[in-house]
Amino acid sequence: DTEVTQTPKHLVMGMTNKKSLKCEQHMGHRAMYWYKQKAKKPPELMFVYSYEKLSINESVPSRFSPECPNSSLLNLHLHALQPEDSALYLCASSQDLGSAYEQYFGPGTRLTVT
Amino acid sequence: AQSVTQLDSHVSVSEGTPVLLRCNYSSSYSPSLFWYVQHPNKGLQLLLKYTSAATLVKGINGFEAEFKKSETSFHLTKPSAHMSDAAEYFCVVSDRVEYGNKLVFGAGTILRVKS
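Residues numbered from 1 in each chain as written. Chains lettered and ligands numbered in written order. Predicted model: local features only at pLDDT ≥ 70, side-chain atom pairs only at ≥ 80, totals over all residues. Heavy atoms only, no water.

Q: Just to check I follow, could you spell out the state of the cysteines for this structure?
A: Structurally, a disulfide amounts to a covalent bond that connects the sulfur atoms of two cysteines. Summed over the entire model, instances satisfying the criterion amount to two disulfides over all chains. One disulfide bridge connects A:Cys23 with A:Cys91, the sulfur atoms lying 1.9 Å from each other. Where A:Cys23 bonds to A:Cys91 through sulfur, the torsion about that S-S bond is close to -70°, and the disulfide is left-handed. Placement of the pair is A:Cys23 in strand β3 (residues 18-25) and A:Cys91 in strand β9 (residues 87-94), with a sequence separation of 68 residues. No difference in accessibility class separates A:Cys23 from A:Cys91, as the two residues are buried. The disulfide partner of B:Cys23 is B:Cys91, and the S-S distance across this bridge is 2.0 Å. Between B:Cys23 and B:Cys91 the sulfur-sulfur dihedral comes to about -70°; the bridge is accordingly left-handed. Within this pair, whereas B:Cys23 is found in strand β4 (residues 23-26), its partner B:Cys91 is found in strand β10 (residues 87-97), the two being separated by 68 residues in sequence. The same class applies to B:Cys23 and to B:Cys91, which are both buried. For the unlinked cysteine A:Cys68, the closest cysteine sulfur is that of A:Cys23, found at 9.2 Å. Judged by relative accessible area, which is 12%, A:Cys68 ranks as buried. (Disulfide = S-S within 2.5 Å. Helix = DSSP H or I, 4+ residues; strand = E, 2+ residues; numbered from the N terminus. Buried < 20%, exposed > 50% of the residue type's maximum accessible area, 1.4 Å probe, protein only.)

See below:
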């Protein structure tokens, strides 16, 4: 099973709301990632977790807060977002952080900030 | 740092004709290269990967890619296009960074298949 699941599929939120995105994988992968993808652009890396610890934050604003409660689950907490944060948010996982390990992507959450 | 350049932003083919999506890479060491496909409003699906084994890599759905070190290329091909192949395709290289590896994406090529 090479599936990464993400919920919700779609999310509309106001600028004062607090919401969370959820990502889950049951492949035993030890690395998990959050990406942001704007229309007609490739994905941009936001965060990397390895063995449930945050390895990299790609200078992401603090209104995005990641959390890795266990090795299968990755959350992205959202607070006080701006309209320009509207995008497709993709989660991915890989066996480890080595270069030979491909990343498996979830279907994404389409976020609209009003 | 590693990089990839996808030479065409849009490619249009007729159903049943061959597909060629071009990708050049820049790497100071033997790279790991990937092709991903993204259908509209979907996540990315791995088509194939190269990690210094056979230079001709076969992927899913009839796609294959050939790693050519002398030309620093990793072009994606398919003998016969199907309507369901219409999507955006990303050529990706894995770049070594301090914490491990980071995927570096090309700008993408949108493939249109005409009936």
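Additional details are given in the paragraphs that follow.
Q: I tried to follow the sheet that holds β3(A) on my own but got confused; where do I start?
A: Residue and element names in this part refer to chain A. Pairing in this open sheet of four strands is antiparallel, and the strands run β1-β3-β8-β7 from one edge to the other. Edge strands, defined here as strands with exactly one partner in the open sheet, are β1 (4-7) and β7 (64-70). Direction aside, neighbouring strands of the sheet carry axes that sit 20° apart on average. (Pairing = 2+ DSSP bridges. Axes fitted to C-alpha atoms, helices over the stretch in contact; angles between N-to-C directions.)

Q: What is the right way to read the nonpolar core from this model?
A: Within soluble globular proteins, side chains that are nonpolar generally end up buried alongside one another. Counting 27 residues, the largest nonpolar core has B:Trp35, B:Phe74, B:Leu76 and B:Tyr89 as the members making the most contacts within it. Of all the elements, β10(B) adds the most residues to this core, at four residues. Judged by nonpolar contacts, the second largest core, of 23 residues, contains A:Met46, A:Phe64, A:Tyr89 and A:Val113. (Core = buried A, V, L, I, M, F, W, Y, C linked by side-chain atoms within 4.5 Å.)

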